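# What the coordinates show
As a plain string of letters, each chain reads:
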Amino acid sequence: MFLLHHRIDHRIQALVFSFLTCNNNASLSAHTPPLQETSKKNNPQTTTSPKRILVTGGAGFLGSNLCARLLAQGHKVIALDNLYTGRQENITPLLKNKNFKFIKHDIINPIDIPVDWIFNFACPASPPHYQKDPIFTTKTSVLGALNMLELARKYGARIMQAS
C-alpha cells in the first residue's frame, strides 16, 4: 500500500508541477522527481502567490491527495464533491486547515465560486461505479466539464480537465 501511495504522490506532484509551470511535455511517470527536489528558481512554491483552487472530486482518492498537496504549498483549497464515490473520511484531516473548505455539490449543476485554478477530477472512475449508472456518469463528464469550463471562463481561471 505504501508503494502505491508513494507512486500516486509522485504522479500528483508531476501533475501539479506541470500545471503550475505550463509544461506540456510533463511526464506522469513514477520517476518524476518530487516538487521539493526542484530548484528554488523553478519551484512553483516560491514563484507563485497563494491561489484559490477548486478541486472537483475533492473527496475521492486522487482529489483528496491533491487537496492535501495544494494546502501544503500554502494555497486556499475548495473541495467540491457529491460523495457518490468520494468519501468524507478522505478529507476529514483537511477540515482542520483554515485554508480548506468542503462543499457537497454535484457538478452537473452550475456553481459560482471565484477561483484562480480548477482541477476537475469529478467522475466515477471504477467500472462498478460508472457502469452502475452510465447516464449519470455521462452527465458528470459532459455537463460537469462544461460547467467547470464556464466557471473558468467567468473568472479567468486556469483549468485542468482530468475526468
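A few points on the structure.

Thresholds applied
Residues numbered from 1 in each chain as written. Predicted model: local features only at pLDDT ≥ 70, side-chain atom pairs only at ≥ 80, totals over all residues. Heavy atoms only, no water. Patch = residues over 30% accessible without salt bridge, like charges linked within 9 Å, V, L, I, M, F, W, Y side chains within 5 Å. Areas by Shrake-Rupley, 256 points an atom, 1.4 Å probe, with all protein chains shown as cover. Salt bridge = Lys/Arg side-chain N within 4 Å of Asp/Glu carboxyl O. Lys, Arg positive; Asp, Glu negative; His and termini not counted. Charge placed at Lys NZ, Arg CZ, Asp CG, Glu CD. Helix = DSSP H or I, 4+ residues; strand = E, 2+ residues; numbered from the N terminus. Buried < 20%, exposed > 50% of the residue type's maximum accessible area, 1.4 Å probe, protein only. Core = buried A, V, L, I, M, F, W, Y, C linked by side-chain atoms within 4.5 Å. Contact = heavy atoms within 4.5 Å. Pairing = 2+ DSSP bridges. Axes fitted to C-alpha atoms, helices over the stretch in contact; angles between N-to-C directions. Phe/Tyr/Trp six-rings, centres within 6.5 Å; stacked < 30°, edge-to-face > 60°.

### Regarding a positive patch on the surface
On the surface, a cluster of positive charge is contributed by Arg52, Lys76, Lys98 and Lys101. Relative to the helices and strands, Lys98 is located in the loop between helix 4 (88–91) and strand 3 (100–104). By relative accessible area, Lys98 is classed as exposed at 76%.

### Overview of the nonpolar core
In globular proteins that are soluble, nonpolar side chains generally tend to be buried together. In this structure, Val55, Cys67, Leu70, Val77, Phe100 and Phe119 are the most contacted members of the largest nonpolar core, which totals 17 residues. For this core, the secondary structure elements donating two or more residues are strand 1 (52–56), helix 3 (61–72), strand 2 (76–81), strand 3 and strand 4 (117–120). Leave out the neighbours within four places in its chain, and Val77 touches Ile53, Val55, Cys67, Leu70, Leu71, Asn99, Phe100 and Lys101.

### Overview of the sheet that holds strand 4
Taken in spatial order, the 5 strands line up as 3-2-1-4-5 in an open sheet, and their pairing is parallel. The open sheet has two free edges, formed respectively by strand 3 and strand 5 (158–161), since each of these has just one partner strand. Direction aside, the axes of adjacent strands within the sheet are offset by 15° on average. By the bridge criterion, 4 bridges tie strand 4 to strand 5 in an arrangement that is parallel. What sits directly across from Trp117, in strand 5, is Arg158. Contacts from helix 6 (residues 134–155) reach strand 1, strand 4 and strand 5 within the one sheet, and its direction differs from that of strand 4 by about 170°.

### Overview of the packing of aromatic side chains
To describe a pair of aromatic rings, one takes the distance between the centres and the angle between the planes. Counted under the stated rule, the structure contains 2 aromatic pairs. With centroids separated by 4.8 Å and ring planes inclined at 55°, the aromatic side chains of Tyr84 and Phe136 adopt a geometry described as tilted. Here Tyr84 is found in the loop between strand 2 and helix 4, whereas its partner Phe136 is found in helix 6, with 52 residues between them in sequence. Looking at Tyr84, the relative accessible area reads 30%, which means it is partly exposed. What makes Phe136 buried here is its relative accessible area of 15%.

That's the geometry; what it means functionally is another story.
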